[in-house]
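Okay, here's what each chain looks like letter by letter:
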Amino acid sequence: MISGVMGGIAEYFNIDATLVRILYVVFSMFSAAFPGIVVYIILAMVIPERPRQSKHDSESEWSEF
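Along each chain, numbering runs from 1 in the same order as the chain's sequence is written. Local features in a predicted model are, by the rule used here, given only for residues with pLDDT of at least 70; side-chain atom pairs are given and counted only at 80 or more, and totals for whole chains, interfaces and linings are based on all residues. With hydrogens and water excluded, all non-hydrogen atoms of the structure serve as input to the side-chain values.

Chemist: Before we go on, may I ask you to explain unusual backbone geometry in this structure?
Modeler: Glycine aside, a negative phi is what most residues show, and trans is what most peptide bonds show. Positive phi, close to 60°, is recorded for N14, a residue that is not glycine. Secondary-structure assignment places N14 in the loop between α1 (5-13) and α2 (17-30). Working definition: with a 1.4 Å probe on protein chains only, accessible area under 20% of the residue-type maximum means buried, over 50% means exposed, and in between means partly exposed. What makes N14 exposed here is its relative accessible area of 71%. To qualify as a helix, a DSSP run of H or I must reach at least 4 residues; to qualify as a strand, a run of E must reach at least 2; elements of each kind are numbered from the N terminus.

If you want it as structure tokens, here you go:
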């Protein structure tokens, strides 16, 4: 896991991240690895990062209960 691309794709499609990573590795092996690396780099630049929750945000959620 370098930049979370496969985990993000798995989360978006609501499937297991391990399955997505295995499929990516298989695809890369059968395509001589180069196209898989290029695709990963492009996806790492294009897919936005998930907004991080601050400590204050998580505390406010629990204070409601």
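Don't stop here, the text continues.
Chemist: For this particular structure, what's the right way to read a nonpolar patch on the surface?
Modeler: Surface patches are drawn from residues lacking salt bridges whose relative accessible area is over 30%; two like charges belong together within 9 Å, two nonpolar side chains (Val, Leu, Ile, Met, Phe, Trp, Tyr) within 5 Å. Accessible surface is estimated by sampling points in the Shrake-Rupley manner with a 1.4 Å probe; for residues, cover comes only from the protein chains shown. A pairing counts as a salt bridge when a side-chain nitrogen of Lys or Arg comes within 4 Å of a carboxyl oxygen of Asp or Glu. Residues F34, I37, V38, I41, I42, M45 and V46 make up a contiguous nonpolar surface patch of roughly 710 Å² in combined accessible area. Relative to the assigned elements, I37 resides in helix α3 (residues 34-46). Note on I37: relative accessible area 46%, which makes it partly exposed.

Chemist: Before we go on, may I ask you to explain the layout of surface pockets in this structure?
Modeler: Unoccupied space between atoms shows up once a probe the size of one water molecule is rolled over them. Only protein atoms enter the calculation, which uses a 1 Å grid: trapped sets of points that fit a 1.4 Å probe without letting it out are cavities, open sets showing protein on both sides within 12 Å along at least five of seven lines are pockets, and any residue with an atom within 4 Å of a point is a lining residue. Grid points are joined across faces, edges and corners, and a volume is the space filled by probe spheres set on the points. Of the volumes computed, that of the largest pocket is approximately 460 Å³. Forming the boundary of the largest pocket are 14 residues, of which S3, G4, P48, E49 and R50 lie nearest the centre. Going through the elements one at a time, α1 and α3 are the ones with two or more residues in the lining of the largest pocket. Per-element tally for the lining of the largest pocket: the top contributor is α1, with four residues. Each residue receives one of three labels: charged for Asp, Glu, Lys and Arg, nonpolar for Ala, Val, Leu, Ile, Met, Phe, Trp, Tyr, Cys and Pro, and polar for the others, Gly being one of them. Across the lining of the largest pocket, the residue classes tally to six nonpolar, four polar and four charged.

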